[in-house]
Amino acid sequence: MLEQARRTANFRLAIVGGRAYVETYEKSFQTRDVFTLWGILQLLRRYPGRVPDLELMFDCVDWPVIHSELYRGPNATSPPPLFRYCGDNATLDIVFPDWSFWGWPEVNIKPWESLSRDLKEGNKRVKWMDREPHAYWKGNPTVAATRQDLLRCNVSDKTDWNARIFAQDWTRESQQGYKQSDLANQCIHRYKIYIEGSAWSVSEKYILACDSVTLVVKPHYYDFFTRGLMPVHHYWPIREDDKCRSIKFAVDWGNSHKQKAQALGKAASNFVLEELSMDFVYDYMFHLLNEYAKLLRFKPMVPEKAVEFCSEHMACSADGLEKKFMEESLVKGPADVYPCTLPPPYDAPSLNSINRRKENSIKQVEMWENKYWDGRNES
């Protein structure tokens, strides 16, 4: 099963005796593989001797590839266990925290621990009531048709959909020293839009952390934490096939229900700044790898072509922002507390109840939206 996952994997990781060994198959885009491995090394430093022996395959590309429909039926083979950053309802890829929790040097995004502190401070600069009463999005529209469609919602001479949309040019931004892309300085709007790129987008945690109402354009992918978000509690759902009208209604609703909108924004930032602290990210990784290791039916071994990785060597051989972010996110020593206790899995009725609640909340918003536009058309 493991060997089958090699087809698209960037690397194979073996943890044997608390040490990490890596066989690289294909270099990832940018430093995704480097900072993913760096994060796993920090987990081993945080909980020395507590991560069991294991072998796994990791794919650093955005899109999930283990399609569940190929592994159904009486003659079906077992699905390959493949780790990556996101999944969807049609795939079985194993979802793991993305590289940006330890830093994304190519776009000057700090490790999450220090950036989340900056975002907390940034939230204090402009009170929610004093913020721009529009929906804000800034990003790369070229990676997905749905983002190019979002550009239509920008303010023009003819129409104001309550949206302020900006295309991010990362090449120019890097040349100008990232002056216009400091995330902690972007928490000045009452509403911020989250929209997927080629798959899920790293940007979601930064958008949710701003105390703004997050307007989530209907997503198709999930990462390791987003299934814990509840519509109309942590975010406001936006239709994918009628974005502009949906955004306009959301902003009008929020501006006429300011206390409720403000509470919604606060619930989202509390979620990502408290429940998504690095302590809990490491505990998620710890439990995921432990549960995965229990399923192995072979003795993990160091692959013949693998190289041992350690934090000191990685940090010493890095330079520039890569080195800076490694030093910043280095786990200094073993944690003085045990990992949190893994709660039992949901039973089917409980999980169905949560999913129904999510669906009903989204349907409720769509009903309000339809009523709003019907009323405007009549007048």
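This structure is a prediction, so every number in the text was calculated from the model and none was measured.

J.: Give a detailed account of empty space enclosed by the protein, specifying residues and quantitative values.
T.: Evaluated as defined, the whole model comprises one cavity of 30 Å³ or more. Mapped onto the lining of the largest cavity, the elements with two or more residues apiece are α8 (278-294) and α10 (320-329). Broken down by class, the residue content of the lining of the largest cavity amounts to four nonpolar, one polar and two charged.

J.: How would you sum up the sheet that holds strand β6 (residues 132-139)? Please name residues and give values.
T.: Note: strands within a sheet are paired through backbone hydrogen bonds, in either parallel or antiparallel orientation. Taken in spatial order, the five strands make up an open sheet running β7-β6-β8-β9-β10, and their pairing is parallel. The outermost strands of the open sheet, each flanked by one partner alone, are β7 (163-167) and β10 (236-238). Pairwise comparison of adjacent strand axes, ignoring direction, gives a mean angle of 25 degrees for this sheet. Direction of pairing for β6 relative to strand β8 (residues 189-194): parallel, over a ladder of three bridges. From the neighbouring strand, Y136 faces β8, where its bridge partner is K192. Those strands touched by helix α6 (residues 243-256) are β6, β7, β8, β9 (213-217) and β10, and its axis lies near 155 degrees from that of β10.

J.: Quick one: what's the story with the environment of R376, residue by residue and with numbers?
T.: Note that R376 resides in helix α11 (residues 348-378). Every residue in contact with R376, bar those within four places of it in the chain, is listed here: K248 and D252.

J.: Tell me about helix α7 (residues 258-275), and please be specific about residues and values.
T.: Between its first and last C-alpha atoms α7 spans 25 Å; for 18 residues at 1.5 Å apiece the expected length is 26 Å, and the two agree. Residues A261, L264, G265, A267, A268, S269, F271, V272 and L273 constitute the buried set of α7. Where α7 is buried, its residues contact α2 (112-123), α5 (204-208), β9, β10 and α6.

J.: Quick one: what's the story with the state of the cysteines, residue by residue and with numbers?
T.: In the structure shown here, the tally under the stated rule is two disulfides. Between C153 and C244 runs a disulfide, and the two sulfur atoms are separated by 2.2 Å. Taking the sign of the S-S torsion, about -85 degrees here, the bridge from C153 to C244 comes out left-handed. Here C244 lies in helix α6 and C153 lies in the loop between α3 (145-150) and β7, a separation of 91 residues in the sequence. Neither C153 nor C244 differs from the other in exposure class; each is buried. A sulfur-sulfur separation of 1.9 Å characterises the disulfide bridge that pairs C187 with C210. Here the S-S torsion is close to -75 degrees, and the disulfide linking C187 with C210 is therefore left-handed. Placement of the pair is C187 in the loop between α4 (170-175) and β8 and C210 in the loop between α5 and β9, with a sequence separation of 23 residues. Should the bonded cysteines of the chain be numbered as they appear in the sequence, the pairing reads 1-4, 2-3. With no disulfide of its own, C316 lies closest to C310 among cysteine sulfurs, the gap being 8.3 Å.

J.: Give a description of the environment of D283 that names residues and reports values.
T.: Mapped onto the fold, D283 is located in helix α8. Using a relative accessible area of 5% as the deciding quantity, one classes D283 as buried. Residues D283 and S198, spaced 85 residues apart in sequence, show a C-alpha to C-alpha distance of 28 Å. Beyond its immediate sequence surroundings of up to four residues, D283 is in contact with R46, Y47, P339 and C340.

J.: Can you break down the nonpolar core residue by residue, with the values?
T.: Nonpolar side chains in soluble globular proteins tend to end up buried together. Formed by 77 residues in total, the largest nonpolar core has its most connected members in L13, L54, W112 and V272. The element that contributes the greatest number of residues to this core is α8, accounting for nine residues. Of all hydrophobic cores here, the second largest spans 26 residues; its members include A163, A250, W253 and Y372.

J.: Break down the side chain of R239 for me, with residues and values.
T.: Note on placement: R239 falls in the loop between β10 and α6. Looking at R239, its side chain comes within polar contact range of the side chain of N370, at 2.7 Å. Once residues lying within four places of it in the same chain are set aside, the contact partners of R239 are V217, S246, E366, E369 and N370.

J.: Would you mind going over the packing of aromatic side chains in detail, with residue names and values included?
T.: Taken as a whole and judged by the stated rule, the model has 27 aromatic pairs. Between F83 and F96, the aromatic rings sit 6.1 Å apart at their centres with planes inclined by 70 degrees, giving edge-to-face as the arrangement. Placement of F83 in strand β4 (residues 82-84) and of F96 in the loop between β5 (94-95) and α2 is noted, with a sequence separation of 13 residues between them. The burial state of F83 is the same as that of F96; both residues are buried. Between the aromatic rings of W112 and Y206, the centroid separation amounts to 6.0 Å while the plane-to-plane angle is 55 degrees, which identifies the pairing as tilted. Taken as a pair, W112 in helix α2 and Y206 in helix α5 lie far apart in primary sequence, 94 residues in all. When its relative accessible area of 1% is taken as the criterion, W112 is described as buried. Through a chain of ring-to-ring contacts, the aromatic side chains of F11, F58, F83, Y85, F96, W99, W104, W200 and Y292 assemble into a single cluster. The side chain of K205 reaches across the aromatic face of F101, ending 4.4 Å from its centre.

About the thresholds
- Residues numbered from 1 in each chain as written.
- Predicted model: local features only at pLDDT ≥ 70, side-chain atom pairs only at ≥ 80, totals over all residues.
- Heavy atoms only, no water.
- 1 Å grid on protein atoms, 1.4 Å probe; cavity = no way out; pocket = protein on both sides within 12 Å on 5 of 7 lines; lining within 4 Å.
- Points joined across faces, edges and corners; volume = space filled by probe spheres on them.
- Helix = DSSP H or I, 4+ residues; strand = E, 2+ residues; numbered from the N terminus.
- Nonpolar A, V, L, I, M, F, W, Y, C, P; charged D, E, K, R; others polar.
- Pairing = 2+ DSSP bridges.
- Axes fitted to C-alpha atoms, helices over the stretch in contact; angles between N-to-C directions.
- Contact = heavy atoms within 4.5 Å.
- Expected span 1.5 Å × (residues − 1).
- Buried < 20%, exposed > 50% of the residue type's maximum accessible area, 1.4 Å probe, protein only.
- Disulfide = S-S within 2.5 Å.
- Core = buried A, V, L, I, M, F, W, Y, C linked by side-chain atoms within 4.5 Å.
- Polar contact = N/O pair within 3.5 Å; in protein donor to acceptor, adjacent residues only side chain to side chain.
- Phe/Tyr/Trp six-rings, centres within 6.5 Å; stacked < 30°, edge-to-face > 60°.
- Lys NZ or Arg CZ within 6 Å of the ring centre and 35° of its normal.

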